[in-house]
Amino acid sequence: MSEAILQELRFLLVSAAFGIFGGLAYDGLRIFRRLVRHGVWWVALEDLLFCMAASLAVFAMVFMENDGSVRFFSICGLLLGGVLYYISVSRYLVSFAVWLIRFPFRFLASAVKKILAKIRKIR
């Protein structure tokens, strides 16, 4: 294979990786939203800030990897990476992370309830 084709293939793979990392970053936001409930306006603001940060990250990646030239296949790579991540791992990762974060708090809450119940019996 020629060096130019290998370079384009590498750029496609980097774009797909950025799609995956973008999905991971958005899942971090989804986990936060499940743990801390808030209104529609905050969700909209968070989405706006996420899109701005993701746009800057993609711009920096395109600038560094391909001298700022946006190619159709780089956009396809971003979408492909993000969609593959979303349909394969995303749902399970978010559910597990929320469960993992909430578990110690549930355990602590049940322990506190038992202690308070014993204290009330003593009175």
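The rules we used
Residues numbered from 1 in each chain as written. Predicted model: local features only at pLDDT ≥ 70, side-chain atom pairs only at ≥ 80, totals over all residues. Heavy atoms only, no water. Phe/Tyr/Trp six-rings, centres within 6.5 Å; stacked < 30°, edge-to-face > 60°. Helix = DSSP H or I, 4+ residues; strand = E, 2+ residues; numbered from the N terminus. Buried < 20%, exposed > 50% of the residue type's maximum accessible area, 1.4 Å probe, protein only. Lys NZ or Arg CZ within 6 Å of the ring centre and 35° of its normal. Core = buried A, V, L, I, M, F, W, Y, C linked by side-chain atoms within 4.5 Å. Contact = heavy atoms within 4.5 Å. Expected span 1.5 Å × (residues − 1). Disulfide = S-S within 2.5 Å.

Student: I'm lost on the packing of aromatic side chains in this one. Help?
Tutor: Given two aromatic rings, one states the distance between the centres and the angle between the planes to describe the pair. The final tally for this structure, using the stated rule, is five aromatic pairs. Here the aromatic rings of Phe59 and Phe63 are separated by 6.2 Å at their centres, their planes lie at 25°, and the arrangement is stacked. Linking Phe59 with Phe63, this pair stays in helix 2 (residues 40–66), spanning four residues, or about one helical turn. There is no split in this pair, since Phe59 and Phe63 are both exposed. Residues Trp99 and Phe103 carry aromatic rings whose centres are separated by 5.3 Å and whose planes lie at 35° to one another, so their mutual orientation is tilted. Taken together, the residues Trp99 and Phe103, both in helix 3 (residues 72–122) and four residues apart, mark about one turn of the helix. Judged by relative accessible area, which is 44%, Phe103 ranks as partly exposed. In this arrangement the basic side chain of Arg91 is found over the ring face of Tyr92, its NZ or CZ atom lying 5.3 Å from the centre.

Student: I'm lost on the nonpolar core in this one. Help?
Tutor: Within soluble globular proteins, side chains that are nonpolar tend to cluster in buried spots. Core analysis: the biggest nonpolar cluster contains five residues, these being Phe11, Val14, Met61, Val62 and Leu78. Counting only elements with at least two residues in this core, the list comes to helix 1 (3–35) and helix 2. Dropping the residues within four chain positions of it, Leu78 is found in contact with Ser15, Ala16, Phe18, Gly19, Val58 and Met61.

Student: How do you make sense of helix 2 when you look at a structure like this?
Tutor: Owing to its 3.6 residues per turn, the α-helix brings residues three or four apart onto one side. Over its 27 residues, helix 2 runs 38 Å from end to end, which matches the ideal 39 Å to within 8%, given 1.5 Å per residue. Listed as buried for helix 2 are Glu46, Met61, Val62 and Asn66. Close packing links the buried residues of helix 2 with helix 1 and helix 3. Once helix 2 finishes, Asp67 follows within two positions and takes phi at roughly 55°, a positive value.

Student: Honestly, the state of the cysteines in this entry has me stumped. Any pointers?
Tutor: Under the counting rule described, the total for this entry stands at zero disulfides. The closest cysteine sulfur to the non-disulfide-bonded Cys51 is located on Cys76, 19 Å from its own sulfur.

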